[in-house]
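Below are the chains, spelled out letter by letter.
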Amino acid sequence: MQTVTVRGRVYNYSHTIGINTLSGRGFRYPADLAIGKDGVIYVVNQTDEFQKCQRITIATMDEDYLGEFGGYGEGDGEFVWPVAVALDDDDRVYVVDEWLCRVSVFDKDGTFITKWGTPGKEKGELNSPGGLVFDRDGHFYVTEELNHRVQKFTKDGDYVLGWGSEGEAEGEFRRPWGISIDNDGDVYVADWHNDRIQKFNPNGDYIMSFGTSGEGPGEIKHPSDVAVDSDGDVYVTDWWNHKLEVYDSSGVHIASFRGDAERLSKWAREFVDANPDYIKARLRVKNHEPEWRFNRPCAVQISDDGKVLVADNQRARIQVYQKEYDWVDPQFNL
């Protein structure tokens, strides 16, 4: 377990969830996740050109597999390119399909309820939707990659408001992706192609932006998602640079994480232990450090108790850090 202490904050690396599978217990190109009640997580799985495995995996923080739902197709409850997931106050599961330009709604067990969404560029229409988040009033916000904007809807899909257009100025976007809301209701958007995070009030009025394009600490390139914890600290998955950046509420850089999965997940350990050839193959590898690190992190979510969950897309797993709120450094000079 790695402990990082920086600027009055302490993070412990907790554990890893996941293994690469096409179905059942595990993930395939996890693109987003949502945290429900009692630590249940919902993970969006994508596909490649050879194998269809579009689905939502349901599991616990302790890596207990609870089931899955979805599948490839354009019918009710099916997906072509699922990209985002969020839960409302009643634990209904909302899944955004970028290809179909629609939102599908399920109960917490994955039973299909309804869907809505019309492709287009007008108000209330969707064009390559990417990110999804609910506010405290039960409305949700959707980013649109190809319309370069954010729209707000009721949970039934009725249009409320929207803002943004293509560009680099304040309040403009170039292919926005992830989105989050803080305790004050302010909205944070991962402005993917502009290499920055923009912050707005609930009505879409610009407040500030932060993030400098680059590869160093605090710098980002193609941020894929953003999340805000209860202290107002902001977490950004840096897709291009394979890292997680943390900032305070004013946009000042706090810390960088590059992945610390030294231990295999429970599912991966059970698989390796049951296959002697895999054990021998791993023993022949002299340096496992590249395996520990993030590879195209796509999403980040924060639990109520300070767990930081990062969807590690190319590694088919979720890496979990714990932000400690009652950490005391031990006294060694006794």
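Computed from a predicted structure; not experimentally measured. (Residues numbered from 1 in each chain as written. Predicted model: local features only at pLDDT ≥ 70, side-chain atom pairs only at ≥ 80, totals over all residues. Heavy atoms only, no water.)

Let's shift gears to helix H1 (residues 266-273). Quick reminder: α-helices carry 3.6 residues per turn. Residues three or four places apart thus point the same way. For H1, the full list of buried residues reads Trp267, Ala268 and Val272. Angular distribution of buried residues about the axis of H1 spans 130°; they occupy a single face of the element. Residues of H1 that are buried in the fold lie against strand E5 (55-60), strand E6 (65-69) and helix H2 (276-284). (Buried < 20%, exposed > 50% of the residue type's maximum accessible area, 1.4 Å probe, protein only. Helix = DSSP H or I, 4+ residues; strand = E, 2+ residues; numbered from the N terminus. Arc of directions from axis to C-beta. Contact = heavy atoms within 4.5 Å.)

So, on to the packing of aromatic side chains. Tallied over the full model, the rule gives 24 aromatic pairs. When the centroid spacing of 5.0 Å and the interplanar angle of 50° are considered together, the rings of tryptophan 116 and phenylalanine 153 count as tilted. One end of the pair, tryptophan 116, is in strand E10 (residues 112-116); the other, phenylalanine 153, is in strand E13 (residues 149-153), and 37 residues separate them in sequence. As far as the burial class goes, tryptophan 116 and phenylalanine 153 line up, both buried. The interplanar angle of 55° and the centroid separation of 5.0 Å between the aromatic rings of phenylalanine 210 and tyrosine 247 together place this pair among those described as tilted. Placement of phenylalanine 210 in strand E18 (residues 206-210) and of tyrosine 247 in strand E23 (residues 243-247) is noted, with a sequence separation of 37 residues between them. You'll find phenylalanine 210 and tyrosine 247 in the same group, each marked buried. Taken together through their ring pairs, the aromatic side chains of Tyr94, Trp116, Phe134, Phe140, Phe153 and Tyr159 make up a single cluster. Lying across the ring of tryptophan 239, arginine 296 places its NZ or CZ 4.4 Å from the centre. (Phe/Tyr/Trp six-rings, centres within 6.5 Å; stacked < 30°, edge-to-face > 60°. Lys NZ or Arg CZ within 6 Å of the ring centre and 35° of its normal.)

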